[in-house]
Amino acid sequence: MIVGTAGHIDHGKTALVKALTGIDADRLKEEKARGITIDLGYAYSDLGDGRQLGFVDVPGHERFVHNMLAGATGIDAALLVVSAAEGVKPQTVEHLQIVDLLGLDRGVVALTKADLASDDQLLERMAEIEALLASTALAGAEIVPVSSLTGQGIDELKGKLLALGESRRAAGGFARLAVDRCFVLPGAGVVVTGTVHAGEIAVDDHLLLTPSGLEARVRSLHAQNRPAERGRAGERCALNLSGPRLSKESVRRGDWVVSAELHEPTERPDVRLKLLAAEAQPLRHWAPVHVHLGAAHVMGRVALLEGDRLEPGQSMLAQLVLEEKVGALAGDRIVLRDPSASRTIAGATVIDPFGLPRNRRTPRRLAELAALAQGDAAVLPKFLRLEAGFVERKRFGLARNLRPAEVDTLLAEAGGVKLGGFALLGETLETARRDLVGGLAAFHQSHADLPGLQPERLRLAMTKRWPLPVFRALVDLEVQAKRIVVDGPFLRLPSHSLKLGARDEALWKKISAELIRERFRPPRVRDFAEAHHVPEADVRRLMQRLARLGRVVEVAHDQYFLRPVVAEMIGIAHGFGRDFTAAEFRDNLDNGRKVAILVLEFFDRHGITVRRGDLRRTVANKLQHFGPLPSSSASSSPS
Ligand SMILES: Nc1nc2c(ncn2[C@@H]2O[C@H](COP(=O)(O)OP(=O)(O)O)[C@@H](O)[C@H]2O)c(=O)[nH]1
Ligand SMILES: [Mg+2]
């Protein structure tokens, strides 16, 4: 259990920590010289029976509230310190607000300097404090009069602190430690200290720093001030880290040391934000604020999502648009201070660490946030019934620090099924599958002469517009199940085959026979029309359709070659194995002398040949453009 002090300057916080642990937490020279705490101090007390209390001592001065915040994020319980001589003062109130905003509901109040006050005064102070606590999560907390000078009440206070119980931080999940100090230890290297917010960190673990992404290996560690093999959620740890680009300068207070799975910095968390009732003014959309999350402190703006202003005491969904990336997970508490950092104005809880840059206040998005604000077990049943209809499994787990197996369990309980990297309700998937297959069937019906639909056109033709990655996963599923077929660039139903219609089929039979017979000098559209007594336009339409199907190729206007014949002619050109002239090509084209020039011009247009003066050369990567070359010519290619 880690206890953090809170309270006004000079009320005896540091002296009390010393009375409880024997340790002077003021470690800086300047702190000694000025007699005030500036930065966080740490002290541990072993109770001899294996139990231990860890203390984070914070500065009380209003100028150092940002340091207080960096320490307060890692504590499990608050030790609110109020001087019996002075009573409640401004930083007593602000620190208590912060404790409340961080969601800390366990704590004890120490009424210090009891040696300076009469019994009546003590009673008066206690009543004053009770009234102050009443509207906070610490309402009803024990108040213990103590004196660090005489030792009065110190043991009783220790007992009350121990009675608060153990740390409740999540032992499961991936590891996450909020860095509140970083220094270099001669002979050891970079050391960071902080509270393990979740999971477990062990010697030799390979971790990442968020937001920088720097790699760090744990060379050794201390947990609660003692050498250890591992540090667990709720413990303060010092990690001796090594990594290729690691230095004192590359790690800052506010960074997180995390398992690789949790490294996903964000600069726009979506939150539920509550403006303190004590604020005099409403909070306006896009107001600049100081944002404190974990041990981090960055500047940002408040994008209100449900209106343009937020009244004191009210709460609203908001997006914090940060100037720098930070590590954040759902459920993390945030404290906001005013632009001049002179007072705490609001608190927030992260709902989705990964807010949207656009469309962040649409009704659709607000409904999603409402669903995401639920506890882990309640989210998916709600979320999967929303308009989007799906969840990205990895991101969902990441945002809530859940392991894949835990996500799977929640999914199963919610009636969800996996689809690639996504998950949907079973019935949603069924509907989507029917939509997909139905869309193809409808297309085949209206375009019997086409082989199928390009995927993107099918996606847009569906009743529900799925994002591309989800659509792809859906197609993969259906292809694997053989309910649809990938046919070149098209998707089609397995049952779909092209039908030309009886008349066209009969005509094509005759035409294809002639195309085979006269393969290097095929008749033109008009020739076919005259020979078979059909309107020229009908023949042209038929040939165009066959070209779309990949059976024939229009080499020159109205002059179609069978597709394999085009490949064969490419093979002939390539077979020279050197630059060649039009005359040489014509001589090798058997009876196709008349069309040889048209064919070469067709090759030039398609980049199959490159022409320089009278000479041409084939281009290697274009040879297969019209299908595989006949084997004899392909093998005779020059080296
Ligand atoms: N008489 C008396 N003086 C105290 C007591 N606790 C602290 N002090 C004095 O109050 C001053 C401020 O104490 P300190 O612990 O630095 O306060 P902090 O700013 O809250 O950390 C110091 O001069 C202490 O000696 C106490 O219980 N009784
Ligand atoms: Mg102090």
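Quick notes on the rules
Residues numbered from 1 in each chain as written. Chains lettered and ligands numbered in written order. Predicted model: local features only at pLDDT ≥ 70, side-chain atom pairs only at ≥ 80, totals over all residues. Heavy atoms only, no water. pLDDT = per-residue confidence, 0-100. Contact = heavy atoms within 4.5 Å. Donors = N, O, S within 2.8 Å, 3.2 Å for Na, K, Ca; no water. Helix = DSSP H or I, 4+ residues; strand = E, 2+ residues; numbered from the N terminus. Buried < 20%, exposed > 50% of the residue type's maximum accessible area, 1.4 Å probe, protein only. Lys, Arg positive; Asp, Glu negative; His and termini not counted. Salt bridge = Lys/Arg side-chain N within 4 Å of Asp/Glu carboxyl O. Pairing = 2+ DSSP bridges. Axes fitted to C-alpha atoms, helices over the stretch in contact; angles between N-to-C directions. Parallel < 35°, antiparallel > 145°, perpendicular 65-115°, else oblique. Nonpolar A, V, L, I, M, F, W, Y, C, P; charged D, E, K, R; others polar. Phe/Tyr/Trp six-rings, centres within 6.5 Å; stacked < 30°, edge-to-face > 60°.

A.B. asks: How do you make sense of the confidence of the model for the protein when you look at a structure like this?
C.D. replies: A low pLDDT means the predicted coordinates there should not be read in detail. Taken as a whole, the protein shows an average pLDDT of 93; of its residues, 98% reach a score of 70 or greater. Within the model, the stretch residues 634–639 combines pLDDT values under 50 with 5 contacts to residues more than four positions away or in other chains.

A.B. asks: Would you explain the coordination of the magnesium ion (ligand 2) in this entry?
C.D. replies: Octahedral metal centres with six donors ideally show angles of 90 or 180 degrees, and tetrahedral centres with four donors ideally show 109.5 degrees. Distances from the magnesium ion (ligand 2) to its protein donors, namely Thr14 (OG1) and Thr37 (OG1), fall within the range 1.9 to 2.1 Å. Taken as a pair, threonine 14 in helix H1 (residues 13–21) and threonine 37 in the loop between helix H2 (29–34) and strand S2 (41–46) lie far apart in primary sequence, 23 residues in all. Residues threonine 14 and threonine 37 agree in their burial class; the two are buried.

A.B. asks: Mind showing me how you'd approach the side chain of glutamate 31 here?
C.D. replies: Mapped onto the fold, glutamate 31 is located in helix H2. In this structure glutamate 31 is buried but unpaired, with arginine 27 as the nearest side chain of opposite charge at 5.4 Å.

A.B. asks: Help me understand the pattern of salt bridges in this model?
C.D. replies: Where charged atoms from two side chains of opposite charge come close, those side chains can pair. In total, this model carries 40 salt bridges according to the counting rule given. Note that arginine 365 is salt-bridged to aspartate 270, the shortest N-O span being 2.8 Å. Pair noted here: arginine 365 is in helix H7 (residues 363–372) and aspartate 270 is in strand S16 (residues 270–275), with a separation of 95 residues, a long-range link. For the residue pair arginine 365 and aspartate 270, the accessibility class agrees, reading buried in each case.

A.B. asks: Where do I start with the pairing of strand S33 (residues 615–618) in this structure?
C.D. replies: Side-chain positions along a regular strand alternate between the two faces of the sheet. Here S33 shows a buried face lined by Arg616 and Thr618 and an unburied face lined by Leu615 and Arg617. By the bridge criterion, 2 bridges tie strand S31 (residues 580–581) to S33 in an arrangement that is antiparallel. Bridging across to S33, phenylalanine 580 finds its partner in arginine 616. Judged from the 4 bridges that link them, strand S32 (residues 609–612) and S33 form a sheet pairing that is antiparallel. The residue bridging threonine 609 from the neighbouring strand is threonine 618, located in S33.

A.B. asks: Even after reading the chapter, I still don't get the packing of H1 against helix H6 (residues 154–162), so can you show me in this structure?
C.D. replies: Relative to each other, H1 and H6 sit at 85 degrees, their axes nearing to 10 Å. Between H1 and H6, the crossing angle belongs to the class labelled roughly perpendicular. Where H1 abuts H6, its residues Leu16, Ala19 and Leu20 lie against Ile154, Leu157, Lys158 and Leu161. Here the contact of H1 with H6 is composed, by residue class, of 6 nonpolar, no polar and 1 charged.

A.B. asks: Would you explain the packing of aromatic side chains in this entry?
C.D. replies: Given two aromatic rings, their pairing is described by the distance between the two centres and the angle made by the two planes. Under the counting rule described, the total for this entry stands at 7 aromatic pairs. With centroids separated by 5.6 Å and ring planes inclined at 80 degrees, the aromatic side chains of phenylalanine 390 and phenylalanine 422 adopt a geometry described as edge-to-face. Within this pair, whereas phenylalanine 390 is found in strand S24 (residues 390–392), its partner phenylalanine 422 is found in strand S26 (residues 422–425), the two being separated by 32 residues in sequence. Take phenylalanine 422: its relative accessible area is 11%, and that puts it in the buried class.

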